[in-house]
Amino acid sequence: MKRVSIFGSTGSIGENTVDLIARAPEEYEVVALSGGRNIARLAEQAISLNAKLAVTCFPEYKQDLAELLSGTGIEVAAGPMAIAEAAERPVDWVMSAIVGAAGLVPGLKALEQGATLALANKESLVCAGELLMRTARANKADVLPVDSEHSAVWQALVGEDISAVERVIITASGGAFRDWPLEDLPKATPEQASTHPNWDMGQRITVDSASMFNKSLELIETREFFGFDPRQIEVLVHPQSLVHALIGFNDGGLMAHVGPADMRHAIGYALHYPHRRSLPVERLDLARIGKLEFREPSEARWPALRLAREVMAMRGLAGAVFNAAKERAMDSFLAREIRFTDMAVVVEEVLSAMEGENALKCDRMCLEDVIETDHVARMRAAEAAARINMDA
Ligand code: NAD
Ligand code: MG
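Residues numbered from 1 in each chain as written. Chains lettered and ligands numbered in written order. Predicted model: local features only at pLDDT ≥ 70, side-chain atom pairs only at ≥ 80, totals over all residues. Heavy atoms only, no water.

Asks: Can you walk me through the pairing of strand β9 (residues 233-237) in this structure?
Replies: Within a regular beta strand, the side chains point alternately toward one face of the sheet and then the other, so they alternate between its two faces. In terms of burial, β9 is a largely internal element, four of the five residues being buried. Direction of pairing for strand β8 (residues 165-172) relative to β9: parallel, over a ladder of five bridges. Bridge pairing links I170 to V235 in β9. (Buried < 20%, exposed > 50% of the residue type's maximum accessible area, 1.4 Å probe, protein only. Helix = DSSP H or I, 4+ residues; strand = E, 2+ residues; numbered from the N terminus. Pairing = 2+ DSSP bridges.)

Now the structure itself:
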């Protein structure tokens, strides 16, 4: 039996992972599940998968969770420390599907015990890629991509000579405002930003798709996972979301990965690797789909893409600042304190201020520095957002 834990099991990626595991319960021993406020669903998952431990990140929900699970023999715990401890429990495979920088510590703990880390939580690679990959190497543990584009790159590279790769293209749907007139973007509401044309995902990544902060995180994620030079990594807008990535080789050939917009494909690939197994996803009918379009992304519409390039050039702790400022700016947008277009303004301001203060330098990245930098960047972003709000 494969021993597995799922962090963020009640979210969109988490539910898709649970779905695959629940289809073959005899193959898995589920050690730990973690969630947030939706403890009814967390308890339901823990019971149906016969998990050993269920953890909510909110201590105030511990009692309710314990009541839901009383008499089942399933252990209950709560709080960020309890999630980190759950990640120390020995398993073979861990799904990292918490949203945001909160996924970093559980991911590190999983790698420290030598588990294979299936990484949906791109934020941890963006804020601490060097640390995460070093921890993986030191413990001979693997980090496997789950993000659809990165799973696509990984799959398209199987058996290839990496030195023959000239460029990597990751695609972007363009999100909710792809075709909006530019002048309407400042008026976009949280509700409008929270709908996605093709994918059914958590709210935060959906808003990040509208602003392309998601793709900017993914540019950095591509460098951290595969080691490509930032100049080799390109983004193309592809409204159909069926071609997830393309690899351009030095003989002029392009290898594309095409698949349904269903995360169970990428999750299943990481779950069953190095084998391919039949998955319960749609088989594409390309004749019915008819056409696949590609466009150059506009930096006027999506300044986040330019910011990602700047972050990659700055290195050090720039990724931690970028991600934290972005997370905090989104909190302000969702609370209607700043406009949709102000998110990039806030992030750029925090990034350039902290770079100017030499706060991004680090010789050997450590967790304490990442956490401290994340904290400072969030404070700065809150201040910047408050200033913008007052000016408005
Ligand atoms: P989601 O919001 O649907 O779920 C997030 C999960 O994390 C929930 O279980 C929630 O309870 C938990 N959580 C939230 N805040 C937490 C905290 N502070 N501490 C501990 N747990 C917390 O998000 P999602 O869409 O499933 O995305 C999860 C991760 O996967 C993100 O990093 C996202 O960028 C990445 N990802 C998602 C998709 C997708 O299709 N949804 C695709 C690619 C990558
Ligand atoms: Mg993606």
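Asks: Is there a simple way to explain the sheet that holds β9 in this structure?
Replies: Here we have four strands laid out as an open sheet, ordered β9-β8-β10-β11, and mixed in their pairing. Every other strand in the sheet has two partners, leaving β9 and β11 (254-258) as the edge strands with one partner each. Going from strand to strand, the sheet's axes swing by 20° on average, the running direction of each strand aside. Across the sheet, helix α7 (residues 148-156) touches β8, β10 (243-249) and β11, and the angle it forms with β10 is around 40°. Packed onto the sheet, helix α10 (residues 213-226) meets β8 and β9 and runs at close to 150° relative to β8. (Axes fitted to C-alpha atoms, helices over the stretch in contact; angles between N-to-C directions. Contact = heavy atoms within 4.5 Å.)

Asks: Explain the site of ligand 1 here, please?
Replies: Not every one of the 23 residues close to ligand 1 is listed here, only the nearest: T10, I13, G36, E123 and G202. I13 is positioned with one of its backbone polar atoms (N or O) 2.9 Å from an oxygen atom of ligand 1. A120 has a polar backbone atom sitting 3.5 Å from an oxygen atom of ligand 1. In the complex, 83% of the free accessible area of ligand 1, which totals 830 Å², lies under the protein chains. Of the residues contributing to the shell around ligand 1, the split by class is eleven nonpolar, nine polar and three charged. (Near = heavy atom within 4 Å. Polar contact = N/O pair within 3.5 Å; in protein donor to acceptor, adjacent residues only side chain to side chain. Areas by Shrake-Rupley, 256 points an atom, 1.4 Å probe, with all protein chains shown as cover. Nonpolar A, V, L, I, M, F, W, Y, C, P; charged D, E, K, R; others polar.)

Asks: How should I be thinking about the coordination of the magnesium ion (ligand 2) in this particular structure?
Replies: Geometry sets the ideal angles at a metal, namely 109.5 degrees for four tetrahedral donors and 90 or 180 degrees for six octahedral donors. Listed as protein donors to the magnesium ion (ligand 2) are D147 (OD), E149 (OE) and E218 (OE); their distances from the metal cover 2.1 to 2.2 Å. As a motif over one chain, the donors of the magnesium ion (ligand 2) read D-x1-E-x68-E. Neither D147 nor E149 differs from the other in exposure class; each is buried. (Donors = N, O, S within 2.8 Å, 3.2 Å for Na, K, Ca; no water.)

Asks: Would you take a moment to explain empty space enclosed by the protein for this structure?
Replies: In the structure shown here, the tally under the stated rule is one cavity of 30 Å³ or more. Of the pockets and cavities examined, the largest cavity occupies roughly 40 Å³. Lining the largest cavity, in full, are S148, W199, H244, H257, P260, D262, H265 and A266. Its residues placed into classes, the lining of the largest cavity shows three nonpolar, four polar and one charged. (1 Å grid on protein atoms, 1.4 Å probe; cavity = no way out; pocket = protein on both sides within 12 Å on 5 of 7 lines; lining within 4 Å. Points joined across faces, edges and corners; volume = space filled by probe spheres on them.)

Asks: Explanation requested: the sheet that holds strand β1 (residues 2-7) in the structure shown.
Replies: The pairing of strands in a sheet happens through backbone hydrogen bonds and is either parallel or antiparallel. Taking strand neighbours across the sheet as the criterion, the seven strands line up as β4-β3-β2-β1-β5-β6-β7 in an open arrangement whose pairing is parallel. The open sheet has two free edges, formed respectively by β4 (75-78) and β7 (143-145), since each of these has just one partner strand. Strand-to-strand twist of the sheet, defined as the mean angle between neighbouring strand axes without regard to direction, takes the value 20°. Examined bridge by bridge, β1 and strand β2 (residues 28-35) share five bridges and lie parallel to one another. Counterpart to F7 in the pairing with β2 is S34. Against the sheet, helix α2 (residues 39-49) makes contact with β2 and β3 (53-56), and its axis sits at roughly 175° relative to β2, the strand it touches most. Each of β1, β2, β5 (93-96), β6 (116-119) and β7 is contacted by helix α11 (residues 264-272), which is oriented at about 155° to β5, the strand it contacts most.

Asks: Before we go on, may I ask you to explain the side chain of D342 in this structure?
Replies: Here D342 lies in helix α15 (residues 342-356). Within polar-contact distance, the side chain of D342 engages the backbone nitrogen of R339 at 2.9 Å.

Asks: Where do I start with the layout of surface pockets in this structure?
Replies: Unoccupied space between atoms shows up once a probe the size of one water molecule is rolled over them. Here the second largest pocket is characterised by a volume of approximately 260 Å³. Around the second largest pocket, the lining is made up of 19 residues, and of these E130, R223, E224, R315 and M365 lie nearest the centre. Of all the secondary structure elements, the ones that give two or more residues to the lining of the second largest pocket are α6 (122-138), α10, α13 (303-314) and α14 (318-334). Here the lining of the second largest pocket takes nine residues from α6, the largest share from any one element. Grouping the amino acids of the lining of the second largest pocket by side-chain chemistry returns ten nonpolar, three polar and six charged.

Asks: Sorry if this is basic, but what is going on with the nonpolar core here?
Replies: Nonpolar side chains in soluble globular proteins generally cluster together in the buried interior. Core analysis: the biggest nonpolar cluster contains 131 residues, and M95, V153, F322, M343 and V346 have the highest contact counts within it. Those residues in contact with M95 that lie beyond four places of it in its chain are S5, I6, F7, I13, T17, A118, A120, V146 and I267. (Core = buried A, V, L, I, M, F, W, Y, C linked by side-chain atoms within 4.5 Å.)

Asks: Would you explain helix α16 (residues 367-391) in this entry?
Replies: Along an α-helix, residues three or four apart share an orientation, since each turn contains 3.6 residues. With 25 residues, α16 extends 36 Å from end C-alpha to end C-alpha; this agrees with the ideal 36 Å at 1.5 Å per step. Within the sequence span of α16, burial applies to V370, T373, D374, A377, A381, A384, A385 and I388. Looking at the buried positions of α16, the neighbouring elements they touch are α5 (104-112), α6, α14 and α15. (Expected span 1.5 Å × (residues − 1).)

Asks: Help me out: how do you make sense of the environment of E191 in this one?
Replies: Mapped onto the elements of the fold, E191 is located in helix α8 (residues 190-193). For E191, a relative accessible area of 46% corresponds to the partly exposed category. Along the backbone, E191 and S241 are 50 residues apart, and their C-alpha atoms lie at a distance of 22 Å. A distance of 2.4 Å separates polar atoms of two side chains, one belonging to E191 and the other to R336.

Asks: Help me out: how do you make sense of the packing of α7 against α11 in this one?
Replies: When two helices pack together, their arrangement is given by the angle between their axes and by how far apart the axes lie. At their nearest, the axes of α7 and α11 sit 9 Å apart, and the two run at 50° to each other. As summarised for this structure, α7 and α11 are arranged oblique, according to the angle between their axes. Seen from above, α7 lies across α11 with left-handed handedness. For the pair formed by α7 and α11, the contact residues are S148, S151, W154 and Q155 on the first element and H265, A266, Y269 and A270 on the second. Within the contact of α7 with α11, the residues separate by chemical class into four nonpolar, four polar and no charged. (Parallel < 35°, antiparallel > 145°, perpendicular 65-115°, else oblique. Left-handed = near helix turned anticlockwise from the far one by under 90°.)

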